[in-house]
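Residues per chain, in single letters:
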Amino acid sequence: MFNFRKKKRLFIACPTWHIEDKIRNSTKDDCYFINTLGGIYIEDELFIDQLVHTIKNEGIQKLSVIANADCMFIKNLIEPQDDLETEAEEVMTWIYHKKYDAIRSLNNQRQQRSTLAYYCAQFSLGRILQDPKFQINFQEKRLKTGILTNGETIQI
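Trainee: Any chance you could explain the confidence of the model for the chain here in plain terms?
Mentor: Predicted coordinates in regions of low pLDDT should not be interpreted in detail. Of the residues in the chain, 93% have a pLDDT of 70 or more, and the chain-wide mean is 89. Within the chain, no element has a lower average pLDDT than helix α7 (residues 132-138), which sits at 89, and none a higher one than strand β2 (residues 30-35), at 96.

Trainee: It is not clear to me how unusual backbone geometry should be interpreted in this structure. Could you clarify?
Mentor: Peptide bonds are mostly trans, and most non-glycine residues show a negative phi. A positive phi angle, near 50°, is found at His18, a position not held by glycine. Mapped onto the elements, His18 comes out in the loop between β1 (8-13) and α1 (20-26).

Trainee: What is the right way to read the pattern of salt bridges from this model?
Mentor: In the structure shown here, the tally under the stated rule is 8 salt bridges. Of the charged contacts in the structure, one is a salt bridge between Lys6 and Asp30, with a shortest N-O distance of 3.5 Å. Of this pair, Lys6 sits in the segment before β1 while Asp30 sits in strand β2, and the two are 24 residues apart along the sequence. In this structure, Glu43 and Arg127 form a salt bridge, with 2.0 Å as the shortest nitrogen-oxygen distance. One end of the pair, Glu43, is in the loop between β2 and α2 (45-58); the other, Arg127, is in helix α6 (residues 109-130), with 84 residues separating them in the sequence. By relative accessible area, Arg127 is classed as partly exposed at 29%. Through salt bridges that share partners, Glu45, Asp49 and Lys133 make up one connected network.

What counts and how
Each chain has its residues counted from 1, following the order in which its sequence is written. Under the rules for a predicted model, residues below a pLDDT of 70 receive no local features and side-chain atom pairs below 80 are neither given nor counted, while totals for whole chains, interfaces and linings still include all residues. To get the side-chain values, take all heavy atoms of the structure and skip hydrogens and water. Scored between 0 and 100, pLDDT is the confidence that the predictor attaches to each residue. In this description a helix means any DSSP run of H or I spanning at least four residues, a strand means any run of E spanning at least two, and both kinds are numbered starting from the N terminus. Salt bridges are counted wherever a side-chain nitrogen of Lys or Arg sits within 4 Å of a carboxyl oxygen of Asp or Glu. The buried label goes to any residue with under 20% of its type's maximum accessible area, the exposed label to any with over 50%, and the partly exposed label to all in between, with areas taken from a 1.4 Å probe on protein chains only.

So, in structure tokens, the structure goes:
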């Protein structure tokens, strides 16, 4: 008989997504959340300090960045409606332009948004893993990391 143990998972999400209940209802793990606008990690000492503190003090075993195709910032990049106003949107725009051909070659807007969301999550996770404070604390520990897509499989 299998003995499944609950894991403590920390998710990085945007507060505007209101996705916490959906995640809690889809897993038996203990879920923790840290919010950042657009789910984008921008080098912010306070954010990385809170991230390190939460992982250490709560005994987090897995860190997941969420790729959300329903993010209003991503929708605005694919189908522009409003001007860019935040640093998170500027980073997303940079990623979008860097991956423009790959994103625009996809058949529909949903696929384009999903792919852009994945690239943004990949960027954020990579930046977190490269942050010196994060590396000092977790380089030798077995903290698992990953990207959680909002109900979709992304092919890149």
